[in-house]
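In case you want the letters, here they are:
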Amino acid sequence: MSREDKSLQAKAALIVEECIAVRLRLLTRAVTKIYNHALRPLGLTVSQMNILVAASYLGEAKQQDICRALHLEKSTLSRDVERMRAKGWLESLPGQDGRTSLLRVTSAGRKLLEKSTPAWQQAQKQTKALLGEKEIASLGQAVAAIRSGKPREPR
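Residue positions within a chain follow its written sequence, with the count starting from 1. Owing to the predicted nature of the model, reporting of local features is limited to residues with pLDDT of at least 70; listing and counting of side-chain atom pairs is limited to 80 or more, with chain, interface and lining totals taken over all residues. Side-chain figures throughout are based on the complete set of non-hydrogen atoms in the structure, without hydrogens or water.

Engineer: What exactly am I supposed to notice about the packing of helix 3 (residues 46–58) against helix 5 (residues 74–86) here?
Structural biologist: What describes two packed helices is the angle between their axes and the distance between those same axes. Geometry is summarised by axes, namely lines fitted to C-alpha atoms with helices restricted to the contacting stretch, and by angles between N-to-C directions that run from 0 to 180 degrees. Numbering of helices and strands starts at the N terminus; helices are DSSP runs of H or I of at least 4 residues and strands are runs of E of at least 2. Taken N-terminus to C-terminus, the directions of helix 3 and helix 5 make an angle of 85°; their axes are 10 Å apart at the nearest point. Accordingly, the angle class assigned to the pair helix 3 and helix 5 is roughly perpendicular. In this structure, helix 3 uses Ser47, Gln48, Ile51 and Leu52 to contact helix 5, whose residues at the interface are Leu77, Asp80, Val81, Arg83 and Met84. Working definition: roughly parallel below 35 degrees, roughly antiparallel above 145 degrees, roughly perpendicular at 65 to 115 degrees, and oblique for all remaining angles. Should any heavy atoms of two residues lie within 4.5 Å, those residues are considered in contact.

Next up, the structure:
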């Protein structure tokens with residue numbers, strides 16, 4: 001192996017071992033798999049459930065409000081919203097100025113959210129068992145830091 005190849009391999013090894021994004025993506029994929037498996041019998045994904053929860057919590061909401069609440073890109077939200085409208089879980093209402101529309105959970109969406117709660121609780125239990133209480137608490141702290149938008153003090 002050439003010196004250049006060894007250098008590149010060492011850099012790649014450093015990224016594999018230390019990259020926060022790689023670790024978070026691995027964690028996200030594993031946890032998403034647990035929730036999606038639990039919700040699949042209901043025809044629902046965890047992403048769609050999050051949108052239903054946010055829309056239910058906000059009442060009638062602009063897409064940008066849901067994007068802000070879930071830290072989603074508008075294109076990501078739009079794809080799920082279209083599928084959810086087609087399934088009758090969400091509906092669009094005209095906004096106050098006519099240029100915007102509001103999303104609202106339909107009665108079918110509310111029933112689905114109610115029906116999905118036990119599956120969500122099972123996924124929560126499974127994820128807690130996998131990660132542990134200490135790690136779950138750390139995730140809560142990380143989310144709070146992101147929502148505050150303030151950098152944390154180094155320890």
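Moving on, there is more to tell.
Engineer: Would you mind going over the environment of leucine 93 with me for this structure?
Structural biologist: Inspection of the secondary structure puts leucine 93 in strand 1 (residues 90–94). The classification of residues rests on relative accessible area computed with a 1.4 Å probe and restricted to protein chains. Under 20% of the type maximum is buried, over 50% is exposed, and intermediate values are partly exposed. What makes leucine 93 buried here is its relative accessible area of 17%. Separated by 66 residues in sequence, leucine 93 and leucine 27 have C-alpha atoms that sit 37 Å apart. The residues contacting leucine 93, other than those within four sequence positions of it, are Glu60, Thr100, Ser101, Leu102 and Arg104.

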